[in-house]
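Residue strings, one per chain:
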Amino acid sequence: MDKELSQHRASIDAIDGEMLKLVNQRAEHAKAIGVLKDGAVYRPEREAQVLRRIKEENPGPLADETVARLFREIMSACLALEQPLSVSFLGPQGTFTQAAAIKHFGHAALTRPCASIDEVFREVEAGLADYGVVPVENSTGGAVGTTLDLLLQTPLQVCGEVDLRVHQFLLRKAGATGKAEKIYSHAQSLAQCHEWLNQNLSGVERVAVVSNAEAARLAAEDGAAVAIAGEAAAEHYGLEKLAENIEDKPDNTTRFLVIGQHDAALSGRDKTSLAMSARNRPGAVYELLTPLARHEVSMTKLESRPSHSGLWEYVFYVDVEGHRQDVKVAQALAELADKAAFLKILGSYPVAVL
Ligand SMILES: C=C(O[C@@H]1C=C(C(=O)O)C=C[C@H]1O)C(=O)O
């Protein structure tokens, strides 16, 4: 038994030695590529292809998701050798948006907390950060209006998407007792836990604040309050978990967008995000959708928002399968540009791999 154990450990040591050499060889190649490249060092389409291949070729026993996460971190470290990426996110520290930024870019990225979604856009527009990560929709709470509005105005492009399973926790300052007087959280999180709160904390005042992490910070200061936030915020502020996974829908997912100076090149499995509005005449909305149908381009999302330019006029946010350089998508977009009163291509990017 002891002998067998030490044999396995010897094998692990030998394998680790090999892996150490190989991972550094990989880093040398990434560094060399960095010198050869003109333009951005970060290539989302290439990263998506690497991760997809790892998942496809994974022989196990490790799960596909597990090996993809490991390679995500290896790539993140390799890229940091070329140049560490700075990524602005909707802060403060401990938000789901930060978790999404790290999921997408890995731990070697330098994450910069911003006080608002507007500030994330401004930091990236001003070149203070290379990329930004902002929430765009939640499976329970719906669209994030601020992000959709800002996408219309910004010169930035969408170059990636991140899906994150969101688990909510009821948190309180350690050792605090007595009836809670207030529940702090972001409006979206209050909406996601609405039923649970009605059943378990009905009558307690719900106070919407700028972020879940801010809610956690407030609860850390005030023992008479509780907060709804994620695990990262709980750990950051050292709060006690009174209840776990209190979201009403167990598959509660938030989708985030990555914004940067450019969108992504073709990866083979891509999406394109569009914003458009119809001319003000009968059948105009139908007309907007026919070019997509005619060129067999599938829609994965359709969202409408009142435009700020006129009463009862709407902007439609549409996600389609494929890259704007794919023939079918390019043809549909050319037709759309003719028909729509307004069309903005927000960006093409790889379908989320992780
Ligand atoms: C090495 C490259 O640069 C970066 C690092 C990558 C990697 O480590 O595999 C992949 C894409 C880029 O974000 C490259 O473009 O191939």
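Residues numbered from 1 in each chain as written. Predicted model: local features only at pLDDT ≥ 70, side-chain atom pairs only at ≥ 80, totals over all residues.

Trainee: Mind showing me how you'd approach the overall build of the protein here?
Mentor: Along the backbone of the protein there are 12 helices and 15 strands. In terms of overall dimensions, the protein has C-alpha extents of about 80 × 60 × 35 Å along its principal axes. For the protein, with 354 residues in total, the buried portion stands at 40%. Considering only intrachain contacts with a sequence separation of at least 6, the fraction spanning at least 24 residues in the protein is 75%. (Helix = DSSP H or I, 4+ residues; strand = E, 2+ residues; numbered from the N terminus. Buried ≥ 20, exposed ≤ 12 C-beta atoms within 10 Å, placed from the backbone. Contact = placed C-beta atoms within 7 Å.)

Trainee: Just to check I follow, could you spell out the site of the ligand for this structure?
Mentor: Near the ligand, the surroundings consist of A30, I33, V41, Y42, R43, R46, E47, V50, M75, C78 and L79. When contributions to the shell around the ligand are tallied by element, the ones reaching two or more residues are α1 (2-36), α2 (44-57) and α3 (64-82). Looking at the shell around the ligand, its residues break down into eight nonpolar, no polar and three charged. (Near = placed C-beta within 6 Å. Nonpolar A, V, L, I, M, F, W, Y, C, P; charged D, E, K, R; others polar.)

Trainee: Sorry if this is basic, but what is going on with the domain arrangement of the protein here?
Mentor: Put simply, an interface is often sized by how much accessible area is lost when its parts join up. Per the domain assignment, the segments making up the protein are domain 1 (2-82), domain 2 (86-166 + 253-259), domain 3 (169-243) and domain 4 (263-350). Between domain 1 and domain 4, the C-alpha centre-to-centre distance is 37 Å. Across the boundary between the two partners, domain 1 contributes four residues, which contact seven residues of domain 4. A per-class count over the side of domain 1 that touches domain 4 returns two nonpolar, one polar and one charged. (Domains from an automatic or database assignment.)

Trainee: Can you help me understand the UniProt feature "domain: Prephenate dehydratase" (unreviewed entry) in the protein in this one?
Mentor: In the numbering adopted here, UniProt assigns the feature "domain: Prephenate dehydratase" (unreviewed entry) to residues 86-261. End-to-end, the C-alpha atoms of residues 86-261 are 13 Å apart, and along that stretch the chain is 32% helix and 34% strand. (UniProt positions renumbered as here; feature names shortened; annotations may be inferred.)

Trainee: It is not clear to me how the nonpolar core should be interpreted in this structure. Could you clarify?
Mentor: Generally speaking, nonpolar side chains in soluble globular proteins are found buried as a group. Ranked by internal contacts, the top residues of the largest apolar core, which has 62 residues, are V87, V133, V134 and I259. Broken down by element, the residue count for this core peaks at six residues, all from helix α4 (residues 96-105). Excluding residues within four positions of it along the chain, I259 makes contact with F121, V124, Y131, G132, V134, L156, Q157, V158 and C159. Formed by 25 residues, the second largest nonpolar core is a distinct cluster that contains F169, A180, I183 and V226. (Core = buried A, V, L, I, M, F, W, Y, C linked by C-beta atoms within 7 Å.)

Trainee: Please clarify how α4 should be interpreted in this entry.
Mentor: The α-helix advances 3.6 residues per turn, and as a result positions three or four apart in sequence lie on the same side. For α4, the tally of buried residues reaches nine of 10 residues, placing the bulk of the element in the interior. Along α4, the residues classified as buried are F96, T97, Q98, A99, A100, A101, I102, H104 and F105. Backbone geometry just downstream of α4 places G106 in the positive-phi region, at approximately 80°.

Trainee: Just checking my understanding: could you explain the pairing of strand β3 (residues 131-138) for this structure?
Mentor: Both faces of the sheet carry side chains from a regular strand, because those side chains alternate between them. Of all the eight residues making up β3, eight are buried; the element is thus mostly covered by neighbouring parts of the structure. Where β3 and strand β11 (residues 253-260) come together, six bridges link them in antiparallel fashion. Residue P135 lies in a different strand from β11, and its bridge partner there is F256. Two strands pair when backbone bridges link them, and β3 and strand β4 (residues 142-143) are joined in this way by two bridges, in the antiparallel orientation. Residue pairing for β4: N138 is matched across the bridge by G142. (Pairing = 2+ DSSP bridges.)

Trainee: I'm lost on the packing of helix α5 (residues 117-125) against helix α6 (residues 145-153) in this one. Help?
Mentor: Each packed pair of helices is defined by two parameters, the angle between the axes and the distance between the axes. At a minimum axis separation of 9 Å, α5 and α6 run at an interaxial angle of 30°. In terms of orientation, α5 and α6 fall into the roughly parallel class. The element α5 and its partner α6 pack so that their crossing is right-handed. Between α5 and α6, the residues in contact are I117, D118 and F121 and T146, T147 and L150, respectively. (Axes fitted to C-alpha atoms, helices over the stretch in contact; angles between N-to-C directions. Parallel < 35°, antiparallel > 145°, perpendicular 65-115°, else oblique. Left-handed = near helix turned anticlockwise from the far one by under 90°.)

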